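Chain residues, written in single-letter form:
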Amino acid sequence: PIDVVDLGEAGPIRCNRCKAYINPFFIFFDGGRKFKCNLCAFDNEVPSNYFVNLDMNGRRIDADSRPELKKGTVEFVASKEYSNRPAKPASYIFAIDVTWNSLQSGMLARCVQAIKELLYSGEKGLPVGARVGIMTYDKSVHFYNLKSTLEQPQMLVVADVEETFVPLSAGLLVDPYESKVVIENLLDSLPTIFEATRISESVLGASALAAYSALKDHGGKLIIFQTSLPTVGPGALKNREDIKLLGTDKERNLYEPQEYFWKKLGQDCCTAGISVDLFLFPNAYIDIATIGALSSLTGGETFNYTSFDGQRDGLKFSEDLKTLLRRTFGYEALLRIRVSNGLKVSDYFGNFYMKNATDIELAGLDSLKSIGVALHHDGKLDEKMESGIQAALLYTTASGARRIRVHNISFSNTSLLGDVFRLADMDTTVNYLAKAGKCLNLAWDDG
Ligand SMILES: [Zn+2]
């Protein structure tokens, strides 16, 4: 486990110039009254409440007992100034397409089963304190009151999809264990409620907007299960697939988003700390290039099951969902990379959103997410000196603690190419190249 360091209301010690967090490579001097930042070389005063004497070798006498002076990775408890709103456990909304397609393919049956297993099968479910809501949609959007005192869930239908609102203030997001009976009751009955449906169109846009309104004051995850191209309501898309374009210069247009609505909603979700995961079950063109913005801008994931067959693909889908939601998850995150003098960050690759040139906004992230960062140096680096990188991630844990996870590394500079190859990590390199390739390719398409 990673050491958690709580330095009280004052928060972690930081360099006054570059704002780097305290780490094992800060050098203390002047009897312990000052420290030199390993990244920008600025000489800082040590705050009086952090002062201790240095030993004969010039090390702080508490160097071995403080994780932040001993370990490359630590997690600081974030003080008040690091939060825009009180941190609370993450909320999860499952938004499920209940059109004819969803019933026929067996998706709905598999989906409710998987959610039940996720929540109640005994293994690690959602994080402690998490809240859960369930929505369904076809041509209208359906909300469910899941209050634990109800005997059975109440369904509320919003048919005006141009101006969707959330028709209930309490009971939409509930504790899944307190409301276990009501939630299981709902999940068990959904396939029967929509059994006879003939509706084939779905208002994904309206449904996602409504989920955004319900989650925006909380942050967390929106998990969408969609079977077809959303052709009605806000953000409606056209079927623009044209076989004649394949193999021509115009083919690349098919991989560009066709409707701004989805990008805007993705950005809004990101700002509100809502990470969106898409589970898609298309029998025909579904335009991932456009709706995929919801997950790519919010640090979410997209799963695609073409021509889904519940019998054949159900197990895979259900395992994908459970694995995704059982991973360690954090949300409302901000990542900042700092590098030592002589180095510069030149590019970032991955699923996130950037409002400015230095801060990476991640609505959510989990233990399998990675981000590629390209560094460059203009002049020659001194081979007698080391270079350093610090990655600081401010985020809220899924159970509602505001933290700053800091990774530090310091490495020698070399002019020998052989050293670079000998010490490079193959998995990291391949991951980086794949990310950079995809991102640069998209940028190229933007013209
Ligand atoms: Zn500094």
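Residues numbered from 1 in each chain as written. Predicted model: local features only at pLDDT ≥ 70, side-chain atom pairs only at ≥ 80, totals over all residues. Heavy atoms only, no water.

The protein is annotated in an unreviewed UniProt entry as Sec23/Sec24 trunk domain-containing protein from Blyttiomyces helicus.

Here we take up the sheet that holds strand β4 (residues 43-45). Pairing is antiparallel in the open sheet, where three strands are placed in the order β2-β3-β4. The open sheet has two edge strands, β2 (27-29) and β4, and neither has a second partner. Here the average twist between neighbouring strands, direction ignored, is 30 degrees. Inspection of the sheet shows β2 paired to strand β3 (residues 34-36) by three bridges, in the antiparallel sense. Across the sheet, Phe 28 pairs through a bridge with Phe 35, a residue of β3. (Pairing = 2+ DSSP bridges. Helix = DSSP H or I, 4+ residues; strand = E, 2+ residues; numbered from the N terminus. Axes fitted to C-alpha atoms, helices over the stretch in contact; angles between N-to-C directions.)

Moving on: the coordination of the zinc ion. Within the protein, the zinc ion binds to Cys 15 (SG), Cys 18 (SG), Cys 37 (SG) and Cys 40 (SG); these donor distances fall in the range 2.3 Å. Here the zinc ion is ringed by four donor atoms whose angles at the metal span 102 to 114 degrees, and the overall shape comes out tetrahedral. (Donors = N, O, S within 2.8 Å, 3.2 Å for Na, K, Ca; no water. Tetrahedral: all angles 85-135°; square planar, octahedral: opposite > 155°, others 65-115°.)

Look at helix α3 (residues 107-120) against helix α4 (residues 180-193): their axes get within 8 Å of each other, and the N-to-C directions meet at 165 degrees. As the angle between them shows, α3 and α4 are arranged roughly antiparallel. In this structure, α3 crosses over α4, and the sense of that crossing is left-handed. Two secondary-structure elements touch here, α3 through Leu 108, Ala 109, Val 112, Ile 115, Lys 116, Leu 119 and Tyr 120 and α4 through Lys 180, Ile 183, Glu 184, Leu 187, Asp 188, Leu 190 and Pro 191. Classifying every residue of the contact of α3 with α4 by side-chain character gives 10 nonpolar, no polar and four charged. (Parallel < 35°, antiparallel > 145°, perpendicular 65-115°, else oblique. Left-handed = near helix turned anticlockwise from the far one by under 90°. Contact = heavy atoms within 4.5 Å. Nonpolar A, V, L, I, M, F, W, Y, C, P; charged D, E, K, R; others polar.)

Here we take up the sheet that holds strand β11 (residues 274-280). Pairing is mixed in the open sheet, where seven strands are placed in the order β9-β8-β7-β6-β10-β11-β12. A strand with exactly one partner marks an edge of an open sheet, and here the two such strands are β9 (154-158) and β12 (302-304). If you compare each strand with its neighbour and ignore which way they point, the axes differ by 20 degrees on average. Pairing analysis gives seven bridges linking strand β6 (residues 91-97) to strand β7 (residues 131-137), with the strands arranged parallel. Following the sheet pairing, Ile 93 is matched in β7 by Gly 133.

One number sums up the size of the second largest pocket: a volume of about 410 Å³. If you tally residues by element for the lining of the second largest pocket, the top one is strand β18 (residues 386-397), at three residues. (1 Å grid on protein atoms, 1.4 Å probe; cavity = no way out; pocket = protein on both sides within 12 Å on 5 of 7 lines; lining within 4 Å. Points joined across faces, edges and corners; volume = space filled by probe spheres on them.)

Attention now moves to the UniProt feature "domain: Sec23/Sec24 beta-sandwich" (unreviewed entry) in the protein. Within the UniProt annotation, "domain: Sec23/Sec24 beta-sandwich" (unreviewed entry) is assigned to residues 330-411. A helix fraction of 0% and a strand fraction of 66% characterise residues 330-411, whose end C-alpha atoms lie 29 Å from each other. (UniProt positions renumbered as here; feature names shortened; annotations may be inferred.)

Let's shift gears to the UniProt feature "domain: Zinc finger Sec23/Sec24-type" (unreviewed entry) in the protein. Taking the numbering used here, the UniProt-annotated feature "domain: Zinc finger Sec23/Sec24-type" (unreviewed entry) corresponds to residues 12-50. Counting secondary structure, residues 12-50 comes out at 0% helix and 23% strand; the distance between its end C-alpha atoms is 10 Å.

What follows deals with the pairing of β6. Buried residues dominate β6, accounting for seven of its seven residues. Because side chains alternate across β6, one face comprises the buried residues Ser 91, Ile 93, Ala 95 and Asp 97, and the other comprises Tyr 92, Phe 94 and Ile 96, equally buried. (Buried < 20%, exposed > 50% of the residue type's maximum accessible area, 1.4 Å probe, protein only.)

Tyr 92, Phe 225 and Phe 279 are the most contacted members of the largest nonpolar core, which has 41 residues in total. Looking at this core element by element, the count peaks at nine residues for α3. The contacts of Tyr 92, once residues within four sequence positions are left out, are Leu 126, Pro 127, Ala 130, Arg 131, Val 132, Gly 133, Leu 173, Lys 221, Ile 223, Leu 325, Phe 329 and Ala 398. Counting residues in hydrophobic clusters, the runner-up holds 37 residues, among them Ala 95, Val 161, Ala 210 and Trp 262. (Core = buried A, V, L, I, M, F, W, Y, C linked by side-chain atoms within 4.5 Å.)

Before going further, it helps to examine a nonpolar patch on the surface. Together, Met 155, Val 157 and Ile 193 make up a nonpolar patch on the protein surface, roughly 250 Å² of accessible area in all. With respect to the helices and strands, the residue Val 157 is situated in strand β9. (Patch = residues over 30% accessible without salt bridge, like charges linked within 9 Å, V, L, I, M, F, W, Y side chains within 5 Å. Areas by Shrake-Rupley, 256 points an atom, 1.4 Å probe, with all protein chains shown as cover. Salt bridge = Lys/Arg side-chain N within 4 Å of Asp/Glu carboxyl O.)

If you walk through the whole model with that rule in mind, you get zero disulfides. In this structure Cys 270 is a free cysteine whose sulfur lies 8.7 Å from that of Cys 269, the closest cysteine sulfur available. (Disulfide = S-S within 2.5 Å.)

Glancing now at the packing of helix α5 (residues 204-215) against helix α6 (residues 260-271). Taken N-terminus to C-terminus, the directions of α5 and α6 make an angle of 15 degrees; their axes are 11 Å apart at the nearest point. By the angle class used here, α5 and α6 are roughly parallel. The interaxial crossing formed by α5 with α6 has left-handed handedness. Listed contacts from α6 to Leu 204, Gly 205, Ala 208, Leu 209 and Tyr 212 of α5 are Phe 261, Trp 262, Leu 265, Asp 268 and Cys 269.

Turning our attention to unusual backbone geometry. Residues other than glycine seldom take positive phi values, yet Asp 30 does so here, at roughly 55 degrees. Classification of Asp 30 by relative accessible area gives partly exposed; the value is 37%. One non-glycine residue, Ser 307, lies in the positive phi region at around 50 degrees. Within the secondary structure layout, Ser 307 lies in the loop between β12 and α9 (310-326).

We now examine the environment of Thr 290. Mapped onto the elements, Thr 290 comes out in helix α7 (residues 288-291). Given the relative accessible area of 1%, Thr 290 is considered buried. When the C-alpha positions of Thr 290 and Lys 438 are compared, they lie 16 Å apart, and in sequence the two are 148 residues distant. The contacts of Thr 290, once residues within four sequence positions are left out, are Leu 237, Arg 240, Glu 256, Pro 257, Gln 258, Glu 259 and Trp 262. Of the polar contacts made by the side chain of Thr 290, one reaches the side chain of Asp 287; its length is 2.9 Å. (Polar contact = N/O pair within 3.5 Å; in protein donor to acceptor, adjacent residues only side chain to side chain.)

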